[in-house]
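# Results of the structural survey
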Amino acid sequence: MSNFNKESINRWLTTTNHKDVGLMYFFATLLFGFIGLLLSLLIRIQLYQPNNGTEWLDWAPGDDSGAFYNSLVTMHGAVMVLFFVSPLSFGFANYVVPLQIGAKDMAFPRLNALSFWTFLFGGLVAASGFVFGGAADVGWTFYSPLTSVEYSPGNGVNLAGAGLILLIISVTASTINFIVTILYHRQPDMDIWDMPIFTWTMLFTVILMLTIFPVLLSSLLMLVGDRLFETVFYSPETNGSILWGHLFWFFGHPEVYVVLLPELGVLAEIVPVFAKKPLYGKRYIIYSLIVGTFLSVIVWVHHMFITGIDPLLREVMSITTELISIPFAVIMICMIATLYGGKITFPTANLFALGAIGIFVIGGVTGVFLSSAAIDYHLRGTYYIVAHFHYTLGSVVLGVVAGIYYWYPLMFGRLLDETLGKLHFWGSFFGTILTMTPLFILTDMPRRVYVYEETSWGIYHQWATVGAIVVFVAQLLFLYNLVRSSSHGEKAGSNPWGGSTQEWGDDDSST
């Protein structure tokens, strides 16, 4: 606390240094992550048992406890996907990518700082509905006509939209900055094929973001027009609901790969270090990333199989959905091949990396079934989708947490406590499995139902709630570990893991 003075505050408010910006992303996304996690815990408590009353939600803003539950669901999804997982990867990228490619800083340092502050204010604005009459309660997909003034007359949708527009400004600034930095600010002797794999995955990530986020911006501006200026872009009478579905999912499904690609880069950095082997098939991974990035923007219609779209389009999108599993299966095979025959060690960073691979395989396999329109017709809107999606995103979270344990010594000059770290891993890993696996069985229960009758559903929700509590407690251990280790952790030295990438050769390895 002795360093918390006017000079240090001014430094953090005005800094343009890529390491400082990376750390600010790191702390801000952890804040949003704990907010999103708390919202999920409230959801799980409500679903713990059948006929669960909503009296415990009476403290919520407004008079409708059901609407507040819907706000929990909406903001949990939006915060975790848009303001936690993806920006945390940008925290790593801001800190690590310039070091990996030998750049002095980002190409546009002030633009980099702007991207952080617009991201932070965007997240705060989007979540501020909880204290201004109620947050958005239409689901994180913001389906029309639920977002119309008729069905959502409060400020929640307006504030969420404003927050997302600020986020898009942040994304646009960031993507341009990373593309220019990676392509034009590498050290002179570094060929593009020599770049570390994490830098490669960030390059594909920002290219994908620059492709899809303008579509989200256009969609939101039309939504603003409908709500404030009485335009009719999303009017049901003009098939506006289908228009929103196409526009949103053209953004929404590739966004899954926006959060996935950096995590794959983190895993590909960590696994070889602790297997004591070079990364197997680096070029195969890069080619797979090219194919996967391209295919990611032509699979979105599988989210709309039950909307009455053209059967030919449905067949095409069914095929592309099946095809996109191939490049990511190749990447997983390369990861496993890297482990084969290696002298594997199991510090916490590697445990999280291996756990992420296992969880991702389950998430991926359960998603392939949804490429079938016949199966999707039955499962769409059920808790099977919730389980599949959270297994996929759960893998991403485990992967980026692996990155925290791996790069924490680089950022802070100290090691995280390994005993607390392993408790954190096992609680997170088995807690995730315990939370999501029972939900695969609920193929006959609709999502977003907050009170349900006495059925067999109850036991599965009880197990899921216990798992959510385990995950939450594990993250409290993680928070304690982060805070304690920043001042009392074992000093790391310049290269504690024996990493071969260039960031570990940087002399200024701590703040």
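Located above this text is the structure these notes cover.
Keep in mind the model is a prediction, meaning the values are calculated, not measured.

## A look at the overall build of the chain
Within the chain one finds 15 helices and 0 strands. Its C-alpha atoms give the chain a radius of gyration of 22 Å, near enough to 24 Å, the size a compact globule of 511 residues would have. Seen along its three principal axes, the alpha-carbon backbone of the chain occupies a region of about 60 × 55 × 45 Å. Considering only intrachain contacts with a sequence separation of at least 6, the fraction spanning at least 24 residues in the chain is 84%. By element, 67% of the accessible surface of the chain is carried by carbon and sulfur atoms, the whole surface being about 21000 Å². Where the 21 positive side-chain charges of the chain centre and where its 32 negative ones centre are 12 Å apart.

## Quick notes on unusual backbone geometry
Following Ser144, the chain continues to Pro145 via a peptide bond in cis, the omega torsion being 10°. Residue placement: Pro145 occurs in the loop between α4 (109–127) and α5 (156–184). Its identity as a non-glycine residue notwithstanding, Asn51 has a phi of 55°, on the positive side. Among the secondary structure elements, Asn51 is positioned in the loop between α2 (18–46) and α3 (65–101). What makes Asn51 partly exposed here is its relative accessible area of 43%. Positive phi outside glycine occurs at Asn239, with the angle close to 65°. You can see Asn239 is positioned in the loop between α6 (197–229) and α7 (240–275).

## Focus: empty space enclosed by the protein
Going through the model one piece at a time under the given rule, you end up with 5 cavities of 30 Å³ or more. When its volume is computed, the largest cavity comes out at roughly 120 Å³. Lining the largest cavity are 13 residues, with Pro87, Phe90, Leu167, Val171 and Met209 sitting closest to its centre. Sorting the residues of the lining of the largest cavity by element identifies α3, α5 and α6 as the ones contributing at least two each. In terms of residue class, the lining of the largest cavity is made up of 9 nonpolar, 3 polar and 1 charged. Within this model, the second largest cavity holds a volume of roughly 70 Å³. Along its surface, the second largest cavity is lined by Ala78, Leu82, Trp140, Phe142, Leu164, Leu216, Leu220, Trp244, Phe248 and Phe251. Those elements that provide at least two residues to the lining of the second largest cavity are α3, α6 and α7. Split by residue class, the lining of the second largest cavity holds 10 nonpolar, no polar and no charged.

## Regarding the packing of α5 against α6
Where α5 meets α6, the closest approach of the two axes is 8 Å, and the angle between their N-to-C directions is 150°. Regarding the angle of α5 to α6, the classification is roughly antiparallel. Crossing hand, α5 versus α6: left-handed. Here the residues of the contact of α5 with α6 sort into 21 nonpolar, 4 polar and 1 charged.

## Quick notes on the packing of α7 against helix α8 (residues 282–296)
The interhelical angle for the contact between α7 and α8, taken along N-to-C directions, is 155°, at an axis separation of 9 Å. In terms of orientation, α7 lies roughly antiparallel with respect to α8. Between α7, through His253, Pro254, Tyr257 and Leu261, and α8, the contact on the second element is made entirely by Leu289, Thr293 and Ser296. The residue inventory of the contact of α7 with α8, partitioned by class, reads 4 nonpolar, 3 polar and no charged.

## Description of the environment of Asn495
Tracing the backbone through its elements, the reader meets Asn495 in the segment after α15 (457–488). Overall, Asn495 belongs to the partly exposed group, its relative accessible area being 28%. For Asn495 and Gly358, which are 137 residues apart along the polypeptide, the C-alpha to C-alpha distance reads 28 Å. In terms of polar contacts, Asn495 uses its side chain to reach the backbone amide nitrogen of Gly498, at 3.1 Å.

Procedures and definitions
Residue positions are given per chain, counted from 1 along the sequence in the order it is written. In keeping with the model being predicted, local features are shown solely for residues with a pLDDT of at least 70 and side-chain atom pairs are shown and tallied solely at 80 or more, while totals for entire chains, interfaces and linings include all residues. To get the side-chain values, take all heavy atoms of the structure and skip hydrogens and water. Numbering of helices and strands runs from the N terminus; a helix is a DSSP stretch of H or I covering at least four residues, while a strand is a stretch of E covering at least two. Throughout, the radius of gyration refers to the C-alpha atoms, and the reference size of a globule is 2.2 Å times the residue count to the power 0.38. Residue contacts are counted whenever heavy atoms from the two residues lie within 4.5 Å of one another. Every accessible area reported is derived by Shrake-Rupley at a probe size of 1.4 Å, with residue values counting cover from the shown protein chains alone. Within this scheme the basic residues Lys and Arg register as positive and the acidic residues Asp and Glu register as negative, but His and the chain ends are omitted. A charge is said to be at NZ when it belongs to Lys, at CZ for Arg, at CG for Asp and at CD for Glu. Residue burial is assigned from relative accessible area. The probe radius is 1.4 Å, only protein chains are included, and a residue is buried under 20% of its type maximum, exposed over 50%, and partly exposed in between. Two kinds of site are reported from a 1 Å grid over the protein atoms alone, namely cavities, where a 1.4 Å probe fits but cannot get out, and pockets, open sets with protein on both sides within 12 Å along at least five of seven lines, and residues are called lining when an atom falls within 4 Å of a point. Grid points are joined across faces, edges and corners, and a volume is the space filled by probe spheres set on the points. Note that Gly is not counted as nonpolar here; it falls among the polar residues with everything else outside the nonpolar set of Ala, Val, Leu, Ile, Met, Phe, Trp, Tyr, Cys and Pro and the charged set of Asp, Glu, Lys and Arg. Axes, fitted as lines to C-alpha atoms, cover a helix only where it is in contact. Angles between the N-to-C directions of the axes lie from 0 to 180 degrees. Comment on the angle field: the value is read as roughly parallel under 35 degrees, roughly antiparallel over 145, roughly perpendicular from 65 to 115, and oblique elsewhere. The hand of a helix crossing depends on one turn: near helix anticlockwise from the far one by less than a right angle means left-handed, and clockwise means right-handed. Polar contacts here mean pairs of N or O atoms no more than 3.5 Å apart (in protein, one a potential hydrogen donor and the other a potential acceptor; neighbouring residues in sequence count only if both atoms are side-chain atoms).

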